[in-house]
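Coordinate inspection notes
Residue strings, one per chain:
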Amino acid sequence: MGDSEVRALDGIDLDIGPGEYVGVVGPSGSGKTTLMDIIGCLSRPTTGSYEFESRPVHQIDDVDLAVLRGEQIGFVFQTFNLLPRLKAVENVELPMLYRRVSRRERRERAMELLRRVGLANRADHRPAELSGGERQRVAIARALVNRPSVILADEPTGALDTNTGDAIMDLIEQLNGEGQTVVVVTHDPRIAGRVRRLLRLRDGVVESDVKREAP
Amino acid sequence: MIRETIAQALATMTTHRRWAALTMFGIVWGTASVILLVGWGVGSQRMTDDGMQKVGKNLVFVWAGRIGEDLSPADERRLVTFDFDDLEAVRKSARRIEHISGENFTFAHVRYGSTGRIVDVRGIEPVMKQLRGVTLAAGRFISPEDVKFRRRVAVIGQTARERLLGPRPAVGKRLTINGQRFEIIGLLDRVGAQLSRNRTLLDEQVWVPITSLMTLLGNEKVDNMVMRPYRREQNNALKSEVRAILARRVHVSPTDEEAVFVISLIDFLSGFDAVFRFMNTFLLLLAVGTLSIGGIGVMNMMLVSVNERRQEIGLRLAVGAQRRHVVGQFLVETLVITLVGGVVGVLFGLGSCKALAAIPGELVARPVILPEIVVLAIVSTTLVGIISGIGPAWRAARVDPADSLRAD
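Each chain has its residues counted from 1, running along the sequence as written. The naming scheme follows written order: chains are lettered A onward, ligands numbered 1 onward. Owing to the predicted nature of the model, reporting of local features is limited to residues with pLDDT of at least 70; listing and counting of side-chain atom pairs is limited to 80 or more, with chain, interface and lining totals taken over all residues.

Re the overall build of chain B
Using the following cut-off: A run of H or I in DSSP becomes a helix once it reaches four residues, and a run of E becomes a strand once it reaches two; helices and strands are each numbered from the N terminus. For this measure, only C-alpha atoms enter the radius of gyration; the expected value for a globule follows 2.2 Å times N^0.38, where N is the number of residues. Note on burial: count the other C-beta atoms lying within 10 Å of the residue's C-beta; 20 or more is buried, 12 or fewer is exposed, in between is partly exposed, and C-beta positions come from the backbone. We call two residues in contact when the distance between their C-beta atoms, placed using the backbone, is within 7 Å.
Tallying secondary structure elements over chain B gives 13 helices and twelve strands in all. Against the compact-globule benchmark of 22 Å for 408 residues, chain B has a radius of gyration of 33 Å, which places it well outside the compact range. Principal axes of the C-alpha set define a box for chain B whose edges measure 105 × 55 × 35 Å. For chain B, with 408 residues in total, the buried portion stands at 40%. Within chain B, counting contacts between residues at least 6 apart in sequence, those at least 24 apart form 82% of the total.

Some remarks on the overall build of chain A
Of the regular secondary structure elements, chain A holds seven helices and eight strands. The globule rule puts the C-alpha radius of gyration for 215 residues at 17 Å, and the 18 Å found for chain A is close to it. Considering only contacts within chain A whose residues lie at least 6 apart along the sequence, 69% involve residues at least 24 apart.

Here's the deal with the interface of chain A and chain B
Cut-off, in case you're wondering: Classification convention: Asp, Glu, Lys, Arg as charged; Ala, Val, Leu, Ile, Met, Phe, Trp, Tyr, Cys, Pro as nonpolar; all other residues, Gly among them, as polar.
Each side of the interface is counted separately: chain A has 21 residues, and chain B has 18 residues. Of all the elements in the fold, those that place two or more residues in the side of chain A that touches chain B are helix 2 (62-72) and helix 3 (88-97) of chain A. Classifying every residue of the side of chain A that touches chain B by side-chain character gives eleven nonpolar, four polar and six charged.

Concerning the packing of helix 3 (residues 84-93) of chain B against helix 8 (residues 235-250) of chain B
Angle between the axes and distance between the axes: these two values describe a pair of packed helices. Residues and elements named next belong to chain B. Let me state the cut-off plainly: Angles run from 0 to 180 degrees between N-to-C directions of axes, and those axes are lines fitted to C-alpha atoms, restricted for helices to the stretch in contact. It is the rotation of the near helix from the far one that decides the hand of a crossing: anticlockwise by less than a right angle makes it left-handed, clockwise makes it right-handed.
Where helix 3 contacts helix 8, the axes come no closer than 10 Å and their chain directions differ by 145°. Considering only the axes of helix 3 and helix 8, their crossing is right-handed. Contact residues: helix 3 offers Asp86, Ala89, Val90 and Ser93, while helix 8 offers Val242, Ile245, Leu246, Arg249 and Val250.

What about the sheet that holds strand 6 (residues 181-185) of chain A?
Residues and elements named next belong to chain A. Spelled out, the test is: Any two strands are treated as partners once DSSP identifies two or more bridges connecting them.
Ordered in space as 4-5-6-1-7-8, the six strands form an open sheet in which the pairing is mixed. With partners counted over all chains shown, the strands left at the sheet margins are strand 4 (73-76) and strand 8 (205-211), one partner each. Pairs of neighbouring strands in the sheet enclose a mean axial angle of 15°, with direction left out of account. As paired elements, strand 1 (residues 21-25) and strand 6 share four bridges and run parallel to each other. Looking at strand 6, one finds that Tyr21 is bridged to Val182. Where helix 6 (residues 162-177) meets the sheet, its contacts fall on strand 1, strand 5 (150-154) and strand 6, and the angle it forms with strand 6 comes to roughly 150°.

Here we look at the pairing of strand 6 of chain A
All names here are of chain A. Heads up, the rule is: A clockwise path from the first strand over the helix to the second, with the strands pointing away from the viewer, defines a right-handed crossover.
Of all five residues in strand 6, four are buried; the element is thus mostly enclosed. Two elements, strand 5 and strand 6, share five bridges in a ladder whose sense is parallel. Bridge assignment links Ala153 to a residue of strand 6, and that residue is Val184. Crossover connection from strand 5 via helix 6 to parallel strand 6: handedness right-handed.

Focus: the confidence of the model for chain B
Detailed reading of predicted coordinates is not advised where the pLDDT is low. How we decide: As a per-residue measure, pLDDT tells how confident the predictor is, with possible values from 0 to 100.
For chain B, the average pLDDT comes to 87, and 94% of its residues sit at 70 or higher. For this predicted complex, the interface confidence reaches an ipTM of 0.91, while the overall pTM sits at 0.71.

What to know about the pairing of strand 4 of chain A
All names here are of chain A. The two faces of strand 4 match: Ile73 and Phe75 on one face and Gly74 and Val76 on the other face are all buried. Relative to strand 5, strand 4 runs parallel, the two being bridged by four bridges. Note on strand 5: the bridge partner recorded for Ile73 is Val150.

Concerning helix 10 (residues 310-318) of chain B
The buried fraction of helix 10 of chain B is high, at seven of nine residues. Here helix 10 of chain B has its buried residues at Glu312, Ile313, Gly314, Leu315, Arg316, Leu317 and Ala318 of chain B. On its buried side, helix 10 of chain B packs onto helix 2 and strand 4 of chain A together with helix 11 (323-357), helix 12 (371-397) and helix 13 (401-404) of chain B. Backbone geometry just after helix 10 of chain B places Gly320 of chain B at a positive phi near 115°.

Next up, the structure:
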């Protein structure tokens, strides 16, 4: 009788520790996106529980969830999602706008991160004036600006050519090498070959979960 | 953050240029109509008020009448009369009177040389100059000494002068009033059309000292008293105060409105006030209606803008913005767009008021510019802006970050 319930994820039991470098792969419709939304606190699981640093996310209200996202999670998207009217440095400042950070501190911190990703000289450019790789670097700087616990990257190289994509992954791995937890959702087998823990999803369940040592 | 919001509002306008122009026209026109229509309404009210008050500002008239509430036929009832003592009693005891003058009147045969006319002749006291608000074109006004010594001197209105003397200078000329010789000592400035009653045409009158007219008529009666309260709100208090004083003196009931007959210009104007309050409210609603149409345009533009910027909203939510931040952003953006139109509208409205006020012609009401009206226009525009922003802001706040971030 109309039992049309679709379970995007079903029976997932997963624990990601600090400093891990995790790749999530799987065909379309396997539940990658839903998993990422839950890890990123963009949505809550319908049933079941998700704890972020021992806090039960499924019990946190909208306001606190927004704060948690702002402070603990750095998003990197396939299409960069920079605001076109803002300069690179202003895009990097954006997450700090919703926290009580002074204008001066915002600018200093944003510049520091642009230096970190090698774009200090492009701070005053708008996204349209930057190359794809540069845009993704700005997005990474933005993801890092509130010193998040985890960087969550959704197809970070999907819109980039191979060389540029590799350079972006080098940057992400460099961050991981410094202790930053990273979760990458991807179709790209090249990325899948680089991560240190690979989750394969199929039809909403974990098909395999393989850890390996750094090369 | 505010600078960014304003910049974003302007960017929304430039990305929808034609739409924004149309919408702006609605807001500009709406705000301008508030200033123009309300200004014009208040202008009409003032014009009527001034016209009514040409007979003298906020005057209250008290006549001696005939006893009412009695079983005898009307023409057998006792006639009430006032004399100087009654006038003095009111002058001394009524606390709300700024000025009071006794007045006598007669239609007398007035002659200058071979020209004779029946003229409305009034016996007055010097303070009548303040009460009626008249000014002198030449000569002097009637003085306390003229009253005290019952001098046969006269001050005449412009129309009376034209009828009796033609274009000749009036001051120093001699008239006869009912055969007695009077010297013209003053000529009044033209008062002009009065909207109150066509009987009281000051320009047609000849004024003499009240005592001189008593001598001429052979009695010591005061036909009526003309007075003014300090403030318009004292109208009713003054009326009952004067009625009480006079009723006791002439032995009639204080409630007998026929014996002591009181007419107040203020009552008359209050009737008009109600009409104008209604008209002004109607004009304001009309203007706000126009403004609201502009508001609907702004709302639609912002709704489209929200749809176009779903990704931006999603991103802001992802990087830590709360719903209230998003709501605030879109409310302020809508308000900025509305107020840009509002400021232009205020300027346009003020300009139109000035232009209309400059058109010559006697009976066209001139729009007045009052700070209150400008404030009213700005407040109305702001309200329309806020109301127009609610829908778009609500829609923006309902954007699901997970969906919107993968719109492409």
